[in-house]
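Coordinate inspection notes
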Amino acid sequence: MTTSYFFLRLKRFFLSEYFTDAFRIALSVLSPVFVLFSLGYPEAAITAGLGALNIGVTESAGTATDKKISLLISVPLLFSISLMAATAWPYPLLLAIVFSAVVFCCSMLTSYGPRYSILGISLIGQAIFSWGLKPADALAFSLFVLGGSVWYYLVSYLYIRLWPLRSLKHAIAECLASTSEFLSAKALFYDTNAPLELSYKKLLSLHIRINEKQELVRSLLIRDRQAMSPENIEGQKLIRIASWAIDLYDQITAIHYDYAFVRKHFQVSGVLELVNKIIKLQVKELQMISDALQTRRSPRINKYLAETRLLEDRLQYIIDRESESNASMLTRLKHNIRQIDEYIKAIRTGIGDGDAQVQYAHFVSVQDFSFAPVKSNLSLKSPIFRFALRLTIACMVGFGLAYVLNLGTYNYWIVLTILMVIRPSFNITQKRNKQRLIGSLTGIVAGFGILLLFQQTEIQISFAVLFLVGFLAFLRINYLVAAAFITAMVVLSFNVYSGQDSSIILERIYDTLLGCMIAFGAAYLFPVWEGGKLGLHIRQVLHSNIRYLEKLYDEAIGAPTDVTDYKLSRKSVYTSLAGLSSAFAGMQNEPKRSIEKEKDVYHFQVLSLKLSSMITSLFSAVRVKDAMFHNTNKDVLQIQAALDTLKKSLYNMSSKYASAEHFESSPVIVKHADTCDGVLPLLKLTAEIKECCKLLS
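Residues numbered from 1 in each chain as written. Predicted model: local features only at pLDDT ≥ 70, side-chain atom pairs only at ≥ 80, totals over all residues. Heavy atoms only, no water.

**Some thoughts on the packing of helix α4 (residues 64-88) against helix α5 (residues 92-107)**
Close contact between α4 and α5 brings their axes to 8 Å; oriented N to C, the two are set at 155°. In terms of orientation, α4 lies roughly antiparallel with respect to α5. Here the hand of the crossing between α4 and α5 comes out left-handed. Where α4 abuts α5, its residues Ile81, Met84, Ala85 and Ala88 lie against Leu94, Leu95, Val98, Val102 and Cys106. Split by residue class, the contact of α4 with α5 holds nine nonpolar, no polar and no charged. (Axes fitted to C-alpha atoms, helices over the stretch in contact; angles between N-to-C directions. Helix = DSSP H or I, 4+ residues; strand = E, 2+ residues; numbered from the N terminus. Parallel < 35°, antiparallel > 145°, perpendicular 65-115°, else oblique. Left-handed = near helix turned anticlockwise from the far one by under 90°. Contact = heavy atoms within 4.5 Å. Nonpolar A, V, L, I, M, F, W, Y, C, P; charged D, E, K, R; others polar.)

**Things to note about the packing of aromatic side chains**
Within this structure, the stated rule accounts for 28 aromatic pairs. Taken together, the ring pairs in this structure connect Phe99, Phe129, Trp131, Phe399, Tyr403, Tyr410, Tyr412 and Trp413 into an aromatic cluster. The ring of Tyr602 is capped by Lys201, whose NZ or CZ atom sits 5.6 Å from the centre of that ring. (Phe/Tyr/Trp six-rings, centres within 6.5 Å; stacked < 30°, edge-to-face > 60°. Lys NZ or Arg CZ within 6 Å of the ring centre and 35° of its normal.)

**Let's talk about empty space enclosed by the protein**
Under the definition given, this model contains six cavities of 30 Å³ or more. Lining of the second largest cavity is provided by Ile55, Thr58, Glu59, Ser60, Lys67, Ser70, Ser74, Arg115, Tyr116, Leu119, Tyr152 and Tyr153. Of the residues in the lining of the second largest cavity, the class split is five nonpolar, four polar and three charged. (1 Å grid on protein atoms, 1.4 Å probe; cavity = no way out; pocket = protein on both sides within 12 Å on 5 of 7 lines; lining within 4 Å. Points joined across faces, edges and corners; volume = space filled by probe spheres on them.)

**Some points on helix α14 (residues 305-319)**
Taking 1.5 Å per residue, 15 residues should reach 21 Å; α14 reaches 21 Å between its end C-alpha atoms and fits that length. All of the buried residues along α14 are Thr308, Leu311, Glu312, Leu315, Ile318 and Ile319. Take α14 and look down its axis: the buried residues cluster within an arc of 110°, on one side only. Facing away from the buried surface of α14 by more than 90 degrees, the exposed residues are Ala306 and Leu310. The inward-facing, buried residues of α14 abut α13 (271-294) and α15 (324-349). (Expected span 1.5 Å × (residues − 1). Buried < 20%, exposed > 50% of the residue type's maximum accessible area, 1.4 Å probe, protein only. Arc of directions from axis to C-beta.)

**Details of the packing of helix α2 (residues 17-38) against helix α3 (residues 42-56)**
The geometry of α2 relative to α3 is characterised by a closest axis approach of 8 Å and an angle of 165° between their N-to-C directions. The pairing of α2 with α3 is recorded here as roughly antiparallel in orientation. Crossing geometry of α2 relative to α3 is assigned as right-handed. Contacts between α2 and α3 involve Ile25, Ser28, Val29, Pro32, Val33, Leu36 and Phe37 from the first element and Pro42, Ala44, Ala45, Ile46, Ala48, Gly49, Ala52, Leu53 and Gly56 from the second. Each residue belonging to the contact of α2 with α3 can be placed in one class, and the counts come to 13 nonpolar, three polar and no charged.

Don't take any of this as a statement about function, it's just geometry.
What follows is the structure in structure tokens.
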């Protein structure tokens, strides 16, 4: 990593929403603390700051309506739970009953989605602090918590009213940054030094991230009435940019060939080096646009345009001297490159053809705030219900140990550690356990080092504030770093508050160790193994690809096609493949894993990625009447045969997701297919998927 690249990454981080939000949240939390401290109310200052912080850590990207609903739900719940726990703490048995009920009920908020899952964890955290701080006056304590939380939300709501599109711009910028990484990974296929298998692995991992970013963009954009209003010029521009950003990813995936064939036939001619260089220039341009969106600047004109055109001219020179079949393939490749250039230009300028016919409301689901989502998860079959039971039991074990062992003043940290580590997924729980341990130990060393170097209280408080900002900045992107920052902050803050009592460091160590040990054991309690859900994910991928291929068939026969249906089927393919990739990644860290099954599932993922890319490429070919698709009856029959093969694969996996009837393939013989055989590679690929499904069924 070069020094310039490091400073570029550092600049991007400080200009990103993660850091600016962290700075704003820290300022909102510390303002009432400093005011109340200066007025001579130290306990009230800590309590109000705690209320603001517990709401602040729940903040995630959202619309003004999201903030308003969160205010109406979170603040009363935070006050109620604080009052119940603060009232019950002198009575251990009553507190145990109240605390177990709070943990279970708040864990079930996960039924309403990620935003309310984070809220549930924050509410449990407030209950733990209400017990641990042992307030003398429960009502006064809870009222100050209420005041801190209301103050924070007023500041947060004011911020989003003043800069309503800030979160959306950040989401689009992150989507473009992830897309540029995906495009960069595509360049590896034209680098003979990069193994193809590793290149596919990188694509699959990046696909998960891009799918998450695209879903966030859709959610923020489509649910924001102000942005969607035709009178909002900036909002309409962002709608077009977001649509082009998603279509750009679609175009990038369309650049798919038999890369072993490509490397073998074009290594000497110089095609590989030229395409690799062109793609890298496009990556730089995308990153520049992403940075401009982050910093609210207008993107510069494409300074790489002249170099890109020169490389394309050299590519055309080679194409003119190739055989007819090779020239046809390279011409398609050049066309795809030009299409990517056009999308990048449209995103940079905000000028281009929009999708006026798309019904955007179909791309997001409406939030259901009734009791139905919770009711549907009140079963041991539900992963959310199992998570709630697991977290409740683990927290109560930690609660009991805190009372029995009576390890010190801050023994509630045992339960806080358990709360921060345990997650619905076994894989994420174990990962966070390691991150918590390493982060806490690192934070203790950093905090202790500062205590030794600087005896002045003012300097220690300044470092504590910086560490709070660091914790908030990294909480959503790197839990290990966040854990290190919050631990160092706690060590410094409590050292100042307790009058230079260094015993807090030792207490933090064994409380963290105990909490991590309990969380590690609890991960095996009512576990939800990702390996057991792979069959479902595979069937969903097959089902989505069938829908997508059916749209291609309709396009090929000239049937009327709806842009919204096409984009929904494409979205379904990407989402289902991301779900499978995520489950597969989780399965690899589970104790009951099958190496042979892993190989087959990975092979299925690669084949599915190739299939979606090939279908996208054929869509493009059909629309522009490319030589790749001759629009003959034979081509249509081959698409039908591929479709039938996929349906058979789905039926073989499970009749639950397929019709009970058997599908008869069209009478087309699959000969050896190379890169230039048009639709024929589709038949070969679906036949490979069918064989792979036999191994997995």
